[in-house]
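# Observations on chain architecture
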Amino acid sequence: MSDHLNVVDHPLVQHKLTIMRDVATPTAVFRQLLREISQLLAYEVTRGLAMTTKRINTPMAEMDAPTLAGKKLALISILRAGNGLLDGVLELIPSARVGFVGLYRDEETLQPVQYYFKVPEGLDDRLVIAVDPMLATGNSSVAAIDLLKQAGATNIRFLCLLAAPEGIARMKEAHPDVPIVTAAVDERLNEVGYIVPGLGDAGDRMFGTK
Ligand code: URA
């Protein structure tokens, strides 16, 4: 994947995203749509994965058939909202290894504070896909990717649902080697770091905590 920013403008993704944005959409529907959309986004974020072939027998003939090459990829959920994307992606790539980075946002400084870090071994040999639905200020995404690089990751992609221009710029400055895949780029951040028009607090909407 060579572009730094990849916007998935597929009609199904855009249609589902509109329903998710709607404040009237209930938690259960929001969660189901997030699962569906995460699989469509997973399709894009895994584009261009390294391939090899293996010799197999079909009922008709022998053939060298394409198969994924290399070590199992690693999916890293940036807690807690990342889990909403993780489930669907994992369904599509069931043998992926899974890690978690726990960061919460200090609501006054908007800076990320780490409270959990557990990732698969051998990150240096894996494609690492970090997932977090909202790329807002970019502070927590940049911090999470800093931690993944410290843990050895060299081949990282970032998957989100919505991105703000501010977050994209911050990621590009800090991690120009990490391509971003998103369903949409919104207008701006508000004064407390929420994406506008956005969809509100992704964690609250998927878990029904508000
Ligand atoms: N996190 C969210 O859940 N929503 C935003 O708009 C920004 C950060």
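This write-up is about the structure you can find in this document. Per chain, residue numbering runs from 1 following the sequence as it is written. Only residues with pLDDT of at least 70 are given local features in this predicted model, and only at 80 or more are side-chain atom pairs given and counted; all residues enter the totals for whole chains, interfaces and linings. No hydrogens and no water enter the side-chain calculation; it runs on all heavy atoms of the structure.

### Some thoughts on the overall build of the protein chain
Within the protein chain, the secondary structure is distributed over six helices and 14 strands. Computed over the C-alpha atoms, the radius of gyration of the protein chain is 18 Å, within 12% of the 17 Å expected from 2.2 N^0.38 for a compact globule of 210 residues. Principal axes of the C-alpha set define a box for the protein chain whose edges measure 60 × 40 × 30 Å. For every residue, the accessible area (1.4 Å probe, protein chains only) is compared with the maximum for its type, and the residue is labelled buried under 20%, exposed over 50%, or partly exposed between those bounds. Within the protein chain, the proportion of its 210 residues that are buried is 45%. Whether two residues touch is decided by their heavy atoms; if any such pair falls within 4.5 Å, the residues are in contact. Pairs at least 24 apart in sequence give 64% of the contacts found in the protein chain among residues at least 6 apart. Elements are defined by DSSP. Helices are runs of H or I of four residues or more, strands are runs of E of two residues or more, and each kind is numbered from the N terminus. We take the radius of gyration over the C-alpha atoms and set the globule estimate at 2.2 Å times the residue count to the 0.38 power.

### Comments concerning the sheet that holds strand β10 (residues 162-163)
With respect to topology, three strands assemble into an open sheet ordered β8-β10-β12, the strand pairing being parallel. The two strands at the open ends of the sheet, each matched to only one other strand, are β8 (134-135) and β12 (184-185). When β10 meets β12, the two strands line up parallel, connected through two bridges. From the neighbouring strand, Ala163 faces β12, where its bridge partner is Val185. Pairing between two strands requires that DSSP report at least two bridges joining them.

### Quick notes on the packing of aromatic side chains
Pairing of aromatic rings covers Phe, Tyr and Trp, the last through its six-membered ring, and needs centres within 6.5 Å; plane angles under 30 degrees mean stacked, over 60 mean edge-to-face, and all others mean tilted. The final tally for this structure, using the stated rule, is one aromatic pair. A centroid spacing of 6.2 Å and a plane angle of 35° characterise the contact between Tyr104 and Tyr115, whose relative ring orientation is tilted. Remark: Tyr115 occurs in strand β6 (residues 112-118) and Tyr104 occurs in strand β5 (residues 97-105); sequence separation between them is 11 residues.

### Quick look at the pattern of salt bridges
Each reported salt bridge corresponds to a side-chain nitrogen of Lys or Arg within 4 Å of a carboxyl oxygen of Asp or Glu. Following the criterion strictly, the structure yields 11 salt bridges and no others. Glu62 is the partner of Arg55 in a salt bridge, and the nearest nitrogen-oxygen pair spans 2.7 Å. With its nearest N and O atoms 2.8 Å apart, the salt bridge here joins Asp177 to Lys149. Here Asp177, found in the loop between α5 (165-174) and β11 (180-182), pairs with Lys149, found in helix α4 (residues 139-150); they are 28 residues apart in sequence, far enough to count as distant. For Lys149, a relative accessible area of 28% gives the class partly exposed. Among the charged side chains, a network of salt bridges with common partners joins Arg80, Asp201, Asp204 and Lys210.

### As for unusual backbone geometry
Cis geometry is found at the peptide bond from Leu79 to Arg80, where omega equals -5°. Tracing the backbone shows Arg80 in the loop between β4 (74-79) and α3 (82-92). Omega for the bond connecting Val196 with Pro197 falls within 30 degrees of zero, at 0°, which places this linkage in the cis form. Here Pro197 lies in the loop between β14 (195-196) and α6 (202-207).

### Looking at the site of the ligand
The environment of the ligand is made up of Arg105, Met134, Ala136, Gly193, Tyr194, Ile195, Gly200, Asp201 and Ala202. Counting of polar contacts relies on pairs of N or O atoms within 3.5 Å, with two restrictions inside protein: one atom must be capable of donating a hydrogen and the other of accepting it, and residues adjacent in sequence are counted only when both atoms are side-chain atoms. Here Ile195 contributes a backbone N or O atom positioned 2.8 Å from an oxygen atom of the ligand. Within the contact set of the ligand, a nitrogen atom lies 2.8 Å away from a backbone nitrogen or oxygen of Gly200. Surface burial for the ligand is 88%, taken as the share of its 230 Å² of free accessible area covered by protein chains. Side-chain classes are defined by residue name, with Ala, Val, Leu, Ile, Met, Phe, Trp, Tyr, Cys and Pro counting as nonpolar, Asp, Glu, Lys and Arg as charged, and the others, Gly among them, as polar. Grouping the constituent residues of the shell around the ligand by class yields five nonpolar, two polar and two charged. Each residue is tested against the molecule or strand, and it is near if at least one of its non-hydrogen atoms lies within 4 Å. Computed by Shrake-Rupley with a 1.4 Å probe, the accessible areas treat only the displayed protein chains as cover when residues are assessed.

### Some points on α3
Those residues of α3 lying buried are Gly82, Gly84, Leu85, Leu86, Gly88 and Val89. Looking at the buried side of α3, the elements it contacts are α2 (27-45), β4, β5, β7 (127-131), β9 (155-159) and α6.

### Some details on the sheet that holds β4
The sheet built from seven strands is open, its strands ordered β1-β11-β9-β7-β4-β5-β6 with mixed pairing. Each of the sheet's edge strands pairs with one partner strand only, and the pair in question is β1 (5-7) and β6. Going across the sheet, the axis of each strand differs from the next one's by a mean of 20°, ignoring polarity. Sheet topology places β7 next to β9; five bridges connect them, and they run parallel. The partner of Leu127 across the bridge, within β9, is Asn155. Angles here are taken between N-to-C directions and fall from 0 to 180 degrees, while the axes themselves are lines fitted to C-alpha atoms, restricted in helices to the stretch in contact.

### A look at the pairing of strand β3 (residues 62-68)
Taken together, the seven bridges between strand β2 (residues 51-57) and β3 define a ladder with antiparallel strand orientation. Bridged to Lys54 within β3 is Ala65. Connecting β2 to the next strand, β3, in antiparallel fashion are four residues.

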